[in-house]
Amino acid sequence: MDARAIARPDPVVKKIDSPEFRSIFTQELKDLIALFERHNFEIRVAGGAVRDILMNMNPKDVDIATTATPTEMKEIFTKENIRMVNMNGEKHGTITPRINDRENFEITTLRIDAITDGRHAEVIHTTDWLLDANRRDLTINSMFLGFDGTLYDYFYGYEDLQKRRVAFVGDPDMRIKEDYLRILRYFRFYGRIAEESNRHDEETLRIITKNAEGLARISGERIWQEWKKILSGNFGIELTEAMINCQLAPHMGLPDAPNVPEFLRVAKQVRSFDPKLQPITVLSALLNTPEDAVNLNMRLKFTVYERELCYFITQNRAETATIDELLPFQQLCLQTISSVKLKKEYVLELLKYHGKRELYQQLLDWPIPQFPIKGNVLIANGAPKGPKLGVVLDRLKIIWSNNQYNMTQEQLLEHLPAVLEEINVKKK
């Protein structure tokens, strides 16, 4: 599809002079603008910062695009004695000068994606702003903003933003096939700008479904990075359900038949506790077995905390679902598999999962008492070293908790022979 055939005849849409726009003008940015003007190269704000300014939000980062090539930028900054940092970006056409030794700016040369493989692209530099806008994923991310306040919008992103509409630039099928991660970026930005949970363009969803298998080419880390943002944002639950309906589940590490009714039930309960939900807690509801949790972690490469929480919930949810007293949840906190502090966080998330609001508050307020025996004391009294020591500790902690945590070291040691006999370990 010829970019010019679908582009706006005149890309200049309006002039902006909002507080959000003015907020980006640090002294360092003013010096950078003057520098490029002096060397006769154009620079504009690009992508997300433009979208944020138009939505009356102060942008967190200001990405800049330019007609200067990386080589030309390096020559300018070297001549002006300006330090450049993070030279890894150069292969993508990005140079990062540190202005006045106070602020870094990522400045990227306009480019065309010449060859794509569904994730990475070989690029050719250009001085044509329209061609650079054409390679971007969504219309709302394809706008530029001149430092005089001129908004340049080649593909009607401004109108889409006013309508809170998420649309691919040009042909959605082509855009997705260039980089399959754009499937998830579609859902993430839907959560960022849409005002209703389910006003998707049906044709867009059809094309996403058609390209679902392409997600298998994307690394698990990148998938989880996007999905976590989706779950943490607006309509995260509804968007995850839409993603499953688009047949993305098996390519993201979920079972072929994820438990969507349980997911929706748990999400409603967790949201009633805290609108800022822990993504792993609700995600665990989609998993049918602990083995599903292992497979999901293999695909998405969770952090240790995320992995252990997912395993903990899927292993303990069934047997704790009908428990309505505090003690068993306190005892779960005291297991020696993990740090006690971390284990309490897992148990609190389990209570959110079950919607046990009163028990959650009681456990939250409960100060974890100090267990009176250390492992080395148990070993000195005949307990085995290694994994079985953890089993001995857990048995003694149950005895301790059943006695309202009111036992001395000596009283607990009286129970040690029986515990050792129970786990078939003879005292030496």
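Criteria and cut-off values
Residues numbered from 1 in each chain as written. Predicted model: local features only at pLDDT ≥ 70, side-chain atom pairs only at ≥ 80, totals over all residues. Heavy atoms only, no water. UniProt positions renumbered as here; feature names shortened; annotations may be inferred. Axes fitted to C-alpha atoms, helices over the stretch in contact; angles between N-to-C directions. Helix = DSSP H or I, 4+ residues; strand = E, 2+ residues; numbered from the N terminus. Parallel < 35°, antiparallel > 145°, perpendicular 65-115°, else oblique. Left-handed = near helix turned anticlockwise from the far one by under 90°. Contact = heavy atoms within 4.5 Å. Nonpolar A, V, L, I, M, F, W, Y, C, P; charged D, E, K, R; others polar. 1 Å grid on protein atoms, 1.4 Å probe; cavity = no way out; pocket = protein on both sides within 12 Å on 5 of 7 lines; lining within 4 Å. Points joined across faces, edges and corners; volume = space filled by probe spheres on them. Buried < 20%, exposed > 50% of the residue type's maximum accessible area, 1.4 Å probe, protein only. Pairing = 2+ DSSP bridges.

An unreviewed UniProt entry lists the protein under the name Poly A polymerase head domain-containing protein, with Anopheles melas given as the organism. The heading Sequence similarities (unreviewed entry) in the UniProt record of the protein holds the text "Belongs to the tRNA nucleotidyltransferase/poly(A) polymerase family." As stated in UniProt under Cofactor (unreviewed entry), the record for the protein gives "Mg(2+)".

A word on the packing of helix H3 (residues 27-38) against helix H5 (residues 70-79). Between H3 and H5, whose axes approach to 11 Å, the crossing angle comes to 110°. Between H3 and H5, the interaxial angle falls into the category roughly perpendicular. H5 is crossed by H3, and the crossing has right-handed handedness. Of the residues in H5, those in contact with Leu-32, Leu-35 and Phe-36 of H3 are Met-73, Ile-76 and Phe-77. The residue inventory of the contact of H3 with H5, partitioned by class, reads six nonpolar, no polar and no charged.

Turning our eyes to something else, we now look at unusual backbone geometry. Although it is not a glycine, Asn-86 sits at a positive phi angle of roughly 50°. Considering the arrangement of structural elements, one finds Asn-86 in the loop between strand S4 (84-85) and strand S5 (94-99). Phi is positive for Tyr-156, close to 65°, though the residue is something other than glycine.

Below, the discussion takes up the layout of surface pockets. Roughly 1800 Å³ of internal volume is contained in the largest pocket. Along its surface, the largest pocket is lined by 45 residues, and Asp-63, Arg-111, Arg-136, Arg-185 and Arg-222 are the ones closest to its centre. Sorting the residues of the lining of the largest pocket by element identifies helix H4 (48-54), strand S3 (64-66), S5, strand S8 (111-116), strand S9 (121-125), helix H9 (182-193) and helix H11 (220-232) as the ones contributing at least two each. Here the lining of the largest pocket takes five residues from H9, the largest share from any one element.

Further remarks concern the pairing of S5. Most of S5 is tucked away, with five of its six residues classed as buried. Pairing of S4 with S5 involves two bridges; the strand directions are antiparallel. Opposite Met-84, over in S5, you have Pro-97 as the bridge partner. Strand direction decides the pairing type here: S5 and strand S6 (residues 103-104), joined by two bridges, are antiparallel. Residue pairing in the sheet places Arg-98 in a bridge with Asn-104 of S6. Between S5 and S6, which pair antiparallel in sequence order, lie three residues; one of them, Asn-100, sits at a positive phi of approximately 55°.

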